[in-house]
2 protein chains.
Amino acid sequence: MSATIIDGKAVAADLRSRLAGEVESIAGTGLTPGLAVVLVGEDAASQVYVRNKAKQTREIGMASFEHRLSADTPETDLLALVARLNADDAVDGILVQLPLPDHIDAQKVIAAIDPDKDVDGFHPVNAGRLATGLPGLVPCTPLGCVMLAKSAQADLSGMEAVVVGRSNIVGKPVAQLLLAENCTVTIAHSRSRDLPAICRRADLLVAAVGRPEMVRGDWIRPGAIVIDVGINRVPNPDAGGGKTRLVGDVAFAEARAVAGAITPVPGGVGPMTIACLLQNTLTAARQRRG
Amino acid sequence: MSATIIDGKAVAADLRSRLAGEVESIAGTGLTPGLAVVLVGEDAASQVYVRNKAKQTREIGMASFEHRLSADTPETDLLALVARLNADDAVDGILVQLPLPDHIDAQKVIAAIDPDKDVDGFHPVNAGRLATGLPGLVPCTPLGCVMLAKSAQADLSGMEAVVVGRSNIVGKPVAQLLLAENCTVTIAHSRSRDLPAICRRADLLVAAVGRPEMVRGDWIRPGAIVIDVGINRVPNPDAGGGKTRLVGDVAFAEARAVAGAITPVPGGVGPMTIACLLQNTLTAARQRRG
């Protein structure tokens, strides 16, 4: 038996299409949700990512505001820009692309964003709202993980979920979301003993460790839903000439033979992140403007 | 074999004694940490609790400020008092005793407290700091649970911890603290399937559900550390005359025969809560005044 492949591109496209409809339906009220993205420096991956965000923002009918600052921008200038965007009524969501150059304190910049415009969900206030069940903005990748899991099984209640990885960006918030879905949630990590045995308990396994193909096929409970957050670039000797390929944190071919449903890499969690960012921007616009 | 009894009274007394020493050692700098406790209404249990807090605060050399308001105090008056306490430099910690009368929005009052004086650790900003590993003020009962577990085994790293209960006040923050101690942490709750089997996985079991003696002896892994947060009043037919007794969420006699170490009720987690409140007040004083 081979697992169902969870098609992140298709789920993300559905979500964008639904969001486009909602943006259109509120356009009559004169409201156009706006997303401001701030990029400091010339990091190539970040440039691609920011360009994609802007494109997808416009495609669903939202306003996109891009701010590109040079790599040597002083922290005070970046904080001043954030303050202007906080005060700008046309801006519903603010995203400062990470990583930031070393001379800038990312934590300080994130804390300067109005929590109600913090569409990345990284502000401590939003982490606290998530932790205590209050309405707030939730980090995009964890949101995407839960949507993909629910695309495979609509009701996650009572499932044994195991989250491998305890980062603030993925592991911890995805655990909170799965708890809110009434899963029994285990958070495992580098200090966990017998990680394979812990993973084998999972009806729903979320791998978010950033280690290529660490989770092997025999770590998977037969029939489990596997959500692979990892995006790791590794050498691809088959292609020759120093070529590389992308792999997840899960050994896909092995896991696919055991799991009930699994996200591929690429094409699984990745495409959901920007779609969830757009959803957060719409959520922020609605909450802020009533 | 019978489990070691974890003596919460003794651990709390040790902590208070250590705190008294620290308060004395900073008295030379002219700093006296101050704790303000606000009680609205006449709830009998709250009155006893507030009196004990004030007494223990003074006993370790801190200043205690008590504010008793009538049950019909308007919410605006309570918020005005919180604002005054926020601004009062002699006040390092503010605790508004819960529950509040129905006409007052407790969430709103908690959110009005300066997070840096929020010694109950219930403000969303402190929940967010805890969730993201930033320094902040942590709820008292969870802090006490972890201290008692560490009194039984100093290094919890790599242990399988199971927390039964997912309240904002105990279950969720204790899970965050155990994760920070490098435990593999499972949060189970009323929707969990086969709770006995989940509990049997635990090297460290924290029961925080508020259901008398729900956790039975055969739910306990032999040798496990058991922290019982429940304080439930039940009929005591042996004593006759409608008498009652206090029991935890764990069937103590059964569990004691299996566990390696266990907290009793009363005399386990209960005494730790006020001691941890005093510790939080000292922490707040240090952080705020440098």
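Being a predicted model, the structure only gives us computed values, none of them experimental.

1. Considering the overall build of chain A
- Along chain A, the regular secondary structure elements total ten helices and eleven strands.
- At 19 Å, chain A has a C-alpha radius of gyration in line with the 19 Å of a compact globule built from 290 residues.
- Structurally, chain A occupies a C-alpha span of about 55 × 45 × 35 Å along its principal axes.
- In chain A, buried positions account for 55% of the 290 residues.
- A separation threshold of at least 6 residues defines the contact pool for chain A, and within that pool the share at least 24 residues apart is 68%.
- When the accessible surface of chain A is summed, it comes to about 11900 Å², and 53% of that surface belongs to carbon and sulfur atoms.

2. Focus on helix H5 (residues 124–132) of chain A
- Most of H5(A) is tucked away, with nine of its nine residues classed as buried.
- Burial in H5(A) covers these residues: A:Pro124, A:Val125, A:Asn126, A:Ala127, A:Gly128, A:Arg129, A:Leu130, A:Ala131 and A:Thr132.
- On its buried side, H5(A) packs onto helix H7 (171–180) of chain A together with helix H5 (124–132) and helix H7 (171–180) of chain B.
- At the exit of H5(A) stands A:Gly133, carrying a positive phi of roughly 80°.

3. Some remarks on H7(A)
All names here are of chain A.
- In terms of burial, H7 is a largely internal element, nine of the ten residues being buried.
- For H7, the full list of buried residues reads Gly171, Lys172, Pro173, Val174, Ala175, Gln176, Leu177, Leu178 and Leu179.
- Positive backbone phi, approximately 70°, marks Asn182, located one or two places after H7.

4. Notes on the sheet that holds strand S5 (residues 160–164) of chain B
- Ordered in space as S1(A)-S11(A)-S8(A)-S7(A)-S5(A)-S6(A)-S6(B)-S5(B)-S7(B)-S8(B)-S11(B)-S1(B), the twelve strands form an open sheet in which the pairing is mixed. Each edge of the sheet is formed by a strand with only one pairing partner; in this case those strands are strand S1 (4–5) of chain A together with strand S1 (4–5) of chain B.
- Of the strand pairs in this sheet, strand S8 (residues 225–228) of chain A and strand S11 (residues 261–262) of chain A are connected by two bridges, and their pairing is parallel. Bridged to A:Val226 within S11(A) is A:Ile262.
- Helix H6 (residues 140–152) of chain B contacts strand S7 (204–207), strand S8 (225–228) and strand S11 (261–262) of chain B of the sheet and is inclined by roughly 155° relative to S8(B).
- Where H7(B) meets the sheet, it contacts strand S6 (184–188) of chain A together with S5, strand S6 (184–188) and S7 of chain B, and its direction lies at approximately 170° from that of S5(B).

5. Side note on the domain arrangement of chain A
- Assigned domains of chain A: these are domain 1 (30–115) and domain 2 (140–270).
- For domain 1 of chain A and domain 2 of chain A, the distance between their C-alpha centres works out to 29 Å.

6. Side note on the interface of chain A and chain B
- With 31 residues of chain A at the contact, the number on the chain B side is 31 residues.
- Remark: the boundary between chain A and chain B carries two salt bridges.
- The closest approach of N and O atoms between B:Glu160 and A:Arg201, which form a salt bridge, is 3.1 Å.
- Where chain A meets chain B, there are 21 residue pairs in polar contact (both at pLDDT 80 or more).
- If you tally residues by element for the side of chain A that touches chain B, the top one is H5(A), at six residues.
- For the side of chain A that touches chain B, a count of residues per class yields twelve nonpolar, 13 polar and six charged.
- Where S6(A) and S6(B) come together, three bridges link them in antiparallel fashion. Along S6(B), the bridge assignment pairs A:Val185 with B:Ile187.

7. So, the UniProt feature "domain: Tetrahydrofolate dehydrogenase/cyclohydrolase NAD(P)-binding" (unreviewed entry) in chain A
- With numbering aligned to this structure, UniProt lists the feature "domain: Tetrahydrofolate dehydrogenase/cyclohydrolase NAD(P)-binding" (unreviewed entry) at residues 139–288 of chain A.
- A helix fraction of 35% and a strand fraction of 19% characterise residues 139–288 of chain A, whose end C-alpha atoms lie 18 Å from each other.

8. As for the sheet that holds strand S3 (residues 63–69) of chain B
Residues and elements named next belong to chain B.
- The three strands lie next to each other as S3-S2-S4, forming an open sheet whose pairing is parallel. The two strands at the open ends of the sheet, each matched to only one other strand, are S3 and strand S4 (93–96). Across this sheet, the average inter-strand angle for adjacent strands is 15°, counted without regard to direction.
- Looking at chain direction, strand S2 (residues 34–40) and S4 are connected through four bridges and run parallel. Across the sheet, the residue bridging to Val38 is Val96, located in S4.
- Sheet contacts for helix H3 (residues 75–87): S2, S3 and S4; angle to S2, the most-contacted strand, approximately 180°.
- Those strands touched by helix H10 (residues 270–289) are S2 and S4, and its axis lies near 125° from that of S2.

How each quantity is defined
- Residues numbered from 1 in each chain as written.
- Chains lettered and ligands numbered in written order.
- Predicted model: local features only at pLDDT ≥ 70, side-chain atom pairs only at ≥ 80, totals over all residues.
- Heavy atoms only, no water.
- Helix = DSSP H or I, 4+ residues; strand = E, 2+ residues; numbered from the N terminus.
- Rg over C-alpha atoms; globule rule 2.2 N^0.38 Å.
- Buried < 20%, exposed > 50% of the residue type's maximum accessible area, 1.4 Å probe, protein only.
- Contact = heavy atoms within 4.5 Å.
- Areas by Shrake-Rupley, 256 points an atom, 1.4 Å probe, with all protein chains shown as cover.
- Pairing = 2+ DSSP bridges.
- Axes fitted to C-alpha atoms, helices over the stretch in contact; angles between N-to-C directions.
- Domains from an automatic or database assignment.
- Salt bridge = Lys/Arg side-chain N within 4 Å of Asp/Glu carboxyl O.
- Polar contact = N/O pair within 3.5 Å; in protein donor to acceptor, adjacent residues only side chain to side chain.
- Nonpolar A, V, L, I, M, F, W, Y, C, P; charged D, E, K, R; others polar.
- UniProt positions renumbered as here; feature names shortened; annotations may be inferred.

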